[in-house]
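Architecture at a glance
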Amino acid sequence: MVQHFLADDDLTPAQQAEVLDLAAALKKQRYDGPKPLAGKAVAVVFEKPSTRTRLSFEIGIAELGAHPVILDAQSTQLGRGETIEDTARVLSRYVAAIVIRTFGDDRITALAEASDVPVVNALTDGFHPCQILADLQTVRERKGSTEGLVLTYLGDGANNMANSYLIGGAMAGMEVRIGAPAGYQPDPDVVERAKRYGTTIVVTDDAKAAAEGSDVLCTDVWVSMGMTGAEQRLADLAGYALDEGALSLAKPDAVVLHCLPAHRGEEIAAAVIDGPQSAVWDEAENRLHAQKALLTWLVQQA
Ligand code: CP
Ligand code: NVA
């Protein structure tokens, strides 16, 4: 069985911790670290736009000694309707791993089922697990550990980031709270998946109660890639911004995360993302280290 990383819980909590330990070690030896992928190639396929994910995978793969092949799906035969399964079979003959950013989770599952090499989720409609690894690395750096902390996410509680915070955060031993209005709350299946790890999971439409006493406050865009009805979404989510009011309710040393790109004045206030408690630039850098660790770990399982 090939080890894939399609959602946060494709790792066990122990494996997640192992990857995060390795990420911290690789951060300390940025250019003179191990080259476990020397002589190999890794494909990175984009069916949605990206800045950070493209940078971090392209550079990270090169730093692991491999050749990154970045494929904009629209300029490949995928854009002309070649199936995801046939694409997986062909890529498997060339590369050591396939990283993909796509739409439905059914699409990445189909790719993984037809692939002979590890498949990594670089964002789907359902999950953004590589981002959560970087976020957990950032929390570890700021707080020493994730165990027992309260992580609160405000905003669109049904999107890929909310889902990955729920599962990945619970796996890291955190109480995870989602503050989101009706219609924007997580799917009960995802909440059940998060609850398996035994930490407290809270879903509420009371943003203030959610923020109260938090160690980590996070948010994400109100209109994710591929979503429609932007005007309605912005109106519905207006009371769920990560603003100075929300930050004042959290612990005085709370850390602020945002996966970026951000919309100042919508889901996050400028004073918060650009303020002293924001860790968003470390978070963006940690994509590189966390993904290098993940790829190293995945190819070691083969
Ligand atoms: N956070 C994140 O995934 O950013 P990009 O969309 O720029 O890759
Ligand atoms: N929820 C956002 C995350 C962007 C990195 C989206 O899917 O567009």
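Residues numbered from 1 in each chain as written. Chains lettered and ligands numbered in written order. Predicted model: local features only at pLDDT ≥ 70, side-chain atom pairs only at ≥ 80, totals over all residues. Heavy atoms only, no water.

If you look at the biggest cluster of nonpolar residues, it comprises 62 residues, and the most contacted ones within it are Phe5, Phe57, Val120, Tyr165, Leu166, Leu257 and Leu294. When near neighbours in sequence (up to four residues on either side) are disregarded, Phe57 contacts Val44, Val99, Val120, Ala122, Cys130, Arg287, Gln291 and Leu295. Counting 19 residues, the second largest nonpolar core, distinct from the first, contains Val45, Ala73, Val95 and Ile100. (Core = buried A, V, L, I, M, F, W, Y, C linked by side-chain atoms within 4.5 Å. Buried < 20%, exposed > 50% of the residue type's maximum accessible area, 1.4 Å probe, protein only. Contact = heavy atoms within 4.5 Å.)

Glancing now at the site of ligand 2. Looking at ligand 2, the residues that line it are Leu123, Asn159, Asn160, Asp220, Val221, Ser224, Met225, Cys259 and Leu260. For ligand 2, a nitrogen atom lies 2.6 Å from a polar atom in the side chain of Asp220. In isolation ligand 2 exposes 270 Å². Once the protein is present, 95% of that is buried. Split by residue class, the shell around ligand 2 holds five nonpolar, three polar and one charged. (Near = heavy atom within 4 Å. Polar contact = N/O pair within 3.5 Å; in protein donor to acceptor, adjacent residues only side chain to side chain. Areas by Shrake-Rupley, 256 points an atom, 1.4 Å probe, with all protein chains shown as cover. Nonpolar A, V, L, I, M, F, W, Y, C, P; charged D, E, K, R; others polar.)

Attention now goes to the sheet that holds strand β6 (residues 175–179). With parallel pairing, the five strands of this open sheet are ordered in space as β7-β6-β5-β8-β9. Only two strands of the sheet have a single neighbouring strand rather than two, namely β7 (201–204) and β9 (255–258). When the angles between neighbouring strand axes are averaged without regard to direction, this sheet yields 20°. Examined bridge by bridge, strand β8 (residues 216–219) and β9 share four bridges and lie parallel to one another. Bridging across to β9, Cys218 finds its partner in Leu257. Strand contacts of helix α6 (residues 160–171): β5 (150–154), β6, β7, β8 and β9, with the helix running at about 160° to β6, the strand carrying the most contacts. (Pairing = 2+ DSSP bridges. Helix = DSSP H or I, 4+ residues; strand = E, 2+ residues; numbered from the N terminus. Axes fitted to C-alpha atoms, helices over the stretch in contact; angles between N-to-C directions.)

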